[in-house]
Amino acid sequence: MSRKLELDSVGLHVLHNALSNIAAEMALVMMKTSYSTIFNEGLDFSTVLLDREGNLIAEKNYTPSMMGAIPNTVRWTLEEFGEEFFEPGDIVIHNDPYRGQCHLPEHMAMMPIFREDELLGFAGNIGHVAEVGGKAPGSFASDATDVYQEGLRLPPVKLFERGRYNEQVWRIILANHRTPKNTWGDFHAMAGALRVGERRVRALWDRYDVETVTRGAAKLIDYSERRLRAEIAKLPDGSYESSTVVEDDGVSADPFEVRVKIVIRGDEVIADFTGSSPQVRGPMNCTFVVAASAVYNATFCVTDPQTLIPRNSGCYRPIRIIAPPGSVVNVRHPGPSVGGNTDLQPKLIDLLLAALHDAVPERVAASSGGSSSNLLFGGVHPRSGRYYSNYHFDGMGAGGTSHADGNDGEVTRHSNCRNTPVEVFESRYPLLNLNYGLASDSCGAGRHRGGLATERTLRVLAPEITFSALFDRCKIPPAGLAGGLSARGSELLVKRKGESEFRRFDEIFGVASPTKFTNVVLREGDELRYRTAGGGGFGDPRERDRQAVREDVEEGYVSREAAERDYGYAEEAE
Amino acid sequence: MTAEIQLTGRWVERELAWNDTDVLNCPVCGRLITRRAWAFDAGAGELRVHGPDCEELYLTYWKPTYGLMKPNADH
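Residues numbered from 1 in each chain as written. Chains lettered and ligands numbered in written order. Predicted model: local features only at pLDDT ≥ 70, side-chain atom pairs only at ≥ 80, totals over all residues. Heavy atoms only, no water.

## Examining the overall build of chain A
Inference 1: Each helix and strand counted, chain A has 13 helices and 20 strands in total.
Inference 2: Over its C-alpha atoms chain A spans a radius of gyration of 24 Å, differing by no more than 12% from the 25 Å that the globule rule assigns to 574 residues.
Inference 3: C-alpha extents for chain A along the principal axes are approximately 75 × 60 × 40 Å.
Inference 4: Counting contacts in chain A only where the partners sit at least 6 residues apart, residues at least 24 apart contribute 72% of the total.
Inference 5: Looking at chain A as shown, the accessible area adds up to about 20200 Å², and 47% of this sits on carbon and sulfur atoms.
Inference 6: Treating the 64 positive side-chain charges of chain A as one cloud and the 79 negative ones as another, the clouds have centres 4 Å apart. (Helix = DSSP H or I, 4+ residues; strand = E, 2+ residues; numbered from the N terminus. Rg over C-alpha atoms; globule rule 2.2 N^0.38 Å. Contact = heavy atoms within 4.5 Å. Areas by Shrake-Rupley, 256 points an atom, 1.4 Å probe, with all protein chains shown as cover. Lys, Arg positive; Asp, Glu negative; His and termini not counted. Charge placed at Lys NZ, Arg CZ, Asp CG, Glu CD.)

Below, the structure written as structure tokens:
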């Protein structure tokens, strides 16, 4: 028998927690049952509940980079196929970047939730599948010039129909991914999470009745919209502009530009990317939903940095986005986009925050490392004789703010992902970690310094491993803000077995970019070393607290020479 | 919040065969347009956009900022 739940502020709070806990439990299922480290260690996924129109009502958003896709993908699928497309027990999978996904590796799975014959909502998740085919192991081809080189593209298709395997679709997918066993396990983790979500929503209906839960979810969305509009209304009305240059697209060495104008008018925000470069030939373009994610991320950073407002579709309503089709912020078919999600998106967030600095200087950060530092590798494991592939990323420095130093070794702010422990890494892949830690002097100096980058050296233990990389902020380092200094950019080097020095990949292998390349084969004994980018500093370094400078030197975060140069540290010591 | 404005558009259905893989984006906001579009007179011809909110965005922001948008013109 149903219990009564009054939809007053207390009742809505209870309902919000109940729905959010369902999404959190779905996330635990993903983490505990998946095969790939990108899910069970990296947490590169999000779990959500949506209403029958595709409006987000609750989430466990491990990865904010998916925020733009979540409110659009289910709705656009509903618009394209209609409600009648969905039947009880169905699970639909979808990774089409031109129809609402972030890039090809990101797959959204959605499961309709029915009450008898009536569709009432969806359980959903988005996850970065570690291997989806294409020209490079790990499906990150830095020199891809179209989407077909990036992997297998799936419009919305059913993995399960009325609870039964859609074997034809599974056969196509498994035949086109390099590590089908992992795909099998990871897709089942996604499906399992959705089924748990469906069961828990049904249980919630049983506890409070369907009408109460449905009406309460709608009220929660309206509540979030009111709260976010009230926060936006506190910002000064006006037009705020900024632009940034991205160093290259992986195919040519030419830089390209992204521009934004943010208009705050009353209780709404318009982010207008008109004037940005046309889409580039390489994979640094992003899709509409990736640009949207960046806008939501930056807007929430300055309006609700502590996430006090429930994150649901109400939060998206006051935010308008203009992303011209055919530009670097809204790629058209068949343009490639795998790096747009991982490496253009963090720079869009930095760009948006730089524009908002004039409106709310106390709430924005200097540039972050701004690159996911994507390292892909694969081959036949000498121990098992089986093919493996991995998508690996590491932390970079976050930008300093008006009130604090940037975080050290943080995986980009749009991903919120975790690193993979060395023990797990080495047990799965034939690579030895020779060192791994924070990189001294990689941060931008400032009253609040940027965060430190990370550095790592790997030695190849297999006869050969095929590597691809997509690092950015190598030629153009992360900028400081309000008088803060730039950080050190990223670096990716290789030392062949028997040689004594590390050199750049473009010097040895003739690739177009020193940090973006595809399918370079390293052999046993070769070593690969990389450093991610640090975070830019905020404010005049000479105003930095002297004790903080001293501690940075003592900890080895900043060398004495850099402290003397940037902070005047030695002068004071004398 | 901007003042209420009078929208003049209407929904129009798009013919979309299951084997048609073309993707159409809204010329105002850039979002995907699937089986239906919102059509309105933009001053230099009829625009087909993602929804009524795009007509409102065009009238209150896009046109005052950039001028009239011609149908099928990228911006």
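## Some words on the interface of chain B and chain A
Inference 1: Taken together, the contacts link 25 residues of chain B with 24 residues of chain A.
Inference 2: Each partner contributes to the roughly 2200 Å² buried at the junction of chain B and chain A, and carbon and sulfur atoms together form 53% of this total.
Inference 3: The interface formed by chain B and chain A contains two salt bridges.
Inference 4: Where Glu56 of chain B meets Arg265 of chain A, a salt bridge forms, and the shortest distance between an N and an O atom there is 3.8 Å.
Inference 5: Inspection of the chain B/chain A interface yields 10 residue pairs in polar contact (both at pLDDT 80 or more).
Inference 6: Residues of the side of chain B that touches chain A, tallied by class, amount to 11 nonpolar, eight polar and six charged. (Buried area = accessible area lost by both parts, 1.4 Å probe. Salt bridge = Lys/Arg side-chain N within 4 Å of Asp/Glu carboxyl O. Polar contact = N/O pair within 3.5 Å; in protein donor to acceptor, adjacent residues only side chain to side chain. Nonpolar A, V, L, I, M, F, W, Y, C, P; charged D, E, K, R; others polar.)

## What to know about the side chain of Arg456 of chain A
Residues and elements named next belong to chain A.
Inference 1: Structurally, Arg456 is set in strand β15 (residues 454-460).
Inference 2: We classify Arg456 as buried; its relative accessible area is 0%.
Inference 3: Within the local environment of Arg456, its side chain forms a polar contact with the side chain of Asp394, the two groups lying 2.9 Å apart.
Inference 4: The residues touching Arg456, leaving out its near neighbours within four places in the chain, are His392, Asp394, Thr420, Val422, Asn433, Asn435, Tyr436, Leu528, Arg529 and Tyr530. (Buried < 20%, exposed > 50% of the residue type's maximum accessible area, 1.4 Å probe, protein only.)

## Here we look at the confidence of the model for chain B
Inference 1: Averaged over every residue, the pLDDT of chain B is 91; the share at 70 or more is 92%.
Inference 2: Listed scores for the predicted complex are pTM 0.96 and ipTM 0.95. (pLDDT = per-residue confidence, 0-100.)

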